[in-house]
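Structural features, examined
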Amino acid sequence: MEATHVGATFAYADDATFVRALTALGQEPSLPKGLGNILTKLGDLAPGYEESADGARKWLNKGLEVRDSAPKERGESLAIPTWFYGSEPSTPFASAYAKYFQNSIREEALIAQSRAGIVYAQGGGGTLREIFQDVELNFYASTPDDFIPMIFFDPDGFWQRDAEFDVSGVTRPGIDVGDILDRIFRYGRKDTAQILKKVKFTTEFDEIAAVIGTRARKAQRELAAVLNAPI
């Protein structure tokens, strides 16, 4: 989830600056595993998590260091994290933050306000819920123009294959949503040939921009109408 905010932060940077930023982030690429119980009920550090806390500190400090290296002119991004305290800290790269106290409400807000399109990275239960909340809205879209593009950023086919297992667990992760989305929209709509052009499994940035661009202007008009609406 960090990647979108990093991209926005360095939106006006030259390629060399951006590459340096990514290289620096690669020095502390991720949080330590198993942070779910790092805090006690009182918010204190749980016993035995000292090394994990140090790893989390290094991850955060590296992010702050890279953020501060960005040019003064930056893109804007809004982070609405799960706030699952301890194991899911928010990204330091967002320019604004929001909070919902229930994830179901949070995810509904994310889907409802993503008017130009949504790019899905690999994820788990929360991402799946967001996908099918998006499916529900698109199922009832009045016209193909109202259909919100669904982009699955899929570098290794995660969203187009089922997971494989053996006795030890998952040997190859994956959640095949491609076929079921096709069947759902064919069942519910007569304009599937048009709307399925807005369901993409790709890593090509030009293709992603083109698909989102098909609805960008209408999304801006809708947002302007909401912001200008009388209270």
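Report follows, based on the coordinates. Bear in mind that the values here come from a model prediction, so they are computed numbers and not experimental data.

A word on the packing of aromatic side chains. Tallied over the full model, the rule gives 9 aromatic pairs. For the pair Tyr-120 and Phe-152, a centre-to-centre distance of 5.2 Å together with 20 degrees between the ring planes defines the contact as stacked. Of the two residues, Tyr-120 sits in strand E3 (residues 118-120) while Phe-152 sits in strand E4 (residues 150-153), which places them 32 residues apart along the sequence. For Tyr-120, a relative accessible area of 3% gives the class buried. Here Phe-152 falls in the buried class, since its relative accessible area comes to 0%. A ring pair is formed by Phe-158 and Trp-159, whose centres lie 4.9 Å apart and whose planes are at 85 degrees; its orientation type is edge-to-face.

Grouped burial of nonpolar side chains is what soluble globular proteins tend to show. Grouped together as the largest cluster of nonpolar side chains are 17 residues, with contacts concentrated most on Met-150, Phe-152, Leu-181 and Phe-185. Elements with a contribution of two residues or more to this core: E3, helix H5 (125-139), E4 and helix H6 (178-188). Those residues within four positions of Phe-152 in sequence are excluded, and the remaining contacts are Tyr-120, Ile-131, Trp-159, Val-177, Leu-181, Val-199, Lys-200, Phe-201 and Thr-202.

Moving on to the side chain of Gln-133. Looking at where Gln-133 falls in the secondary structure, it is placed in helix H5. Beyond its immediate sequence surroundings of up to four residues, Gln-133 is in contact with Glu-107, Glu-108 and Ile-111.

Listed as buried for H6 are Gly-178, Leu-181 and Phe-185. Down the axis, H6 shows its buried residues gathered within 65 degrees of arc, on one side only. Facing away from the buried surface of H6 by more than 90 degrees, the exposed residues are Arg-183 and Tyr-187. Packing partners of the buried residues in H6 comprise H5, E4, helix H7 (192-195) and strand E7 (199-202).

Here the focus is the packing of helix H4 (residues 103-113) against H5. Between H4 and H5, the shortest axis-to-axis distance is 10 Å and the interhelical angle comes to 50 degrees. For the element pair H4 / H5, the angle class is oblique. Crossing of H4 over H5 shows right-handed handedness. Every residue of H5 that contacts H4 at Asn-103, Ser-104, Arg-106, Glu-107, Glu-108, Leu-110, Ile-111 and Ala-112 is listed here: Gly-126, Arg-129, Glu-130, Gln-133, Asp-134 and Leu-137. Its residues assigned to classes, the contact of H4 with H5 comprises 4 nonpolar, 4 polar and 6 charged.

The full count for this structure, using the stated rule, is 17 salt bridges. Glu-207 serves as the salt-bridge partner of Lys-200, at 3.7 Å between the closest nitrogen and oxygen. Overall, the relative accessible area of 23% leaves Lys-200 in the partly exposed class. Judged by relative accessible area, Glu-207 falls into the partly exposed class, the value being 30%. Residues joined in a network through salt bridges with shared partners are Arg-115, Asp-145, Asp-146, Arg-215, Lys-218 and Glu-222.

Relative to each other, helix H2 (residues 15-25) and helix H3 (residues 50-68) sit at 170 degrees, their axes nearing to 9 Å. Classed by the angle they form, the pair H2 and H3 counts as roughly antiparallel. Along the contact surface, H2 presents Ala-21, Ala-24 and Leu-25, while H3 presents Lys-62, Gly-63 and Val-66. A class-by-class count of the residues in the contact of H2 with H3 yields 4 nonpolar, 1 polar and 1 charged.

This part takes up the layout of surface pockets. Its volume calculated, the second largest pocket comes out at about 160 Å³. If you go around the second largest pocket, you meet 13 residues; those closest to its centre are Ala-112, Leu-137, Asp-146, Ile-148 and Arg-215.

Analysis parameters
Each chain has its residues counted from 1, running along the sequence as written. Per-residue local features are limited, in this predicted model, to residues with pLDDT of at least 70; the limit for side-chain atom pairs, both in listing and counting, is 80 or more; totals at the level of whole chains, interfaces and linings are taken over all residues. The side-chain figures draw on all heavy atoms in the structure; neither hydrogens nor water molecules are used. Classification of ring pairs uses Phe, Tyr and Trp, with its six-membered ring standing for Trp, and accepts pairs whose centres are within 6.5 Å; under 30 degrees between planes counts as stacked, over 60 as edge-to-face, and the remaining range as tilted. Helix numbers and strand numbers start at the N terminus; a helix is a DSSP run of H or I with at least 4 residues, a strand a run of E with at least 2. Each residue gets one of three labels from its accessible area relative to the maximum for its type: buried under 20%, exposed over 50%, partly exposed in between, using a 1.4 Å probe on protein chains only. Residues belong to a common nonpolar core when they are buried Ala, Val, Leu, Ile, Met, Phe, Trp, Tyr or Cys residues joined through side-chain atoms within 4.5 Å. Note on contacts: a residue pair qualifies if any of its non-hydrogen atoms lie within 4.5 Å across the two residues. The directions from the helix axis to the C-beta atoms are what the arc is built from. In this description, a line fitted to the C-alpha atoms serves as the axis of each element, helices being fitted only across the stretch in contact, and the angle between N-to-C directions of two axes falls anywhere from 0 to 180 degrees. Every angle not falling under 35 degrees, over 145, or within 65 to 115 is termed oblique; those three ranges are roughly parallel, roughly antiparallel and roughly perpendicular. What makes a crossing left-handed is the near helix being turned counterclockwise from the far one by less than a right angle; a clockwise turn instead makes it right-handed. Gly is placed with the polar residues, together with every amino acid not listed as nonpolar (Ala, Val, Leu, Ile, Met, Phe, Trp, Tyr, Cys and Pro) or charged (Asp, Glu, Lys and Arg). Salt bridges are defined by distance alone: a side-chain nitrogen of Lys or Arg within 4 Å of a carboxyl oxygen of Asp or Glu. Grid spacing is 1 Å over the protein atoms alone, the probe is 1.4 Å, and a cavity is where that probe fits but cannot get out, while a pocket is an open set with protein on both sides within 12 Å along at least five of seven lines and lining residues have an atom within 4 Å of a point. Grid points are joined across faces, edges and corners, and a volume is the space filled by probe spheres set on the points.

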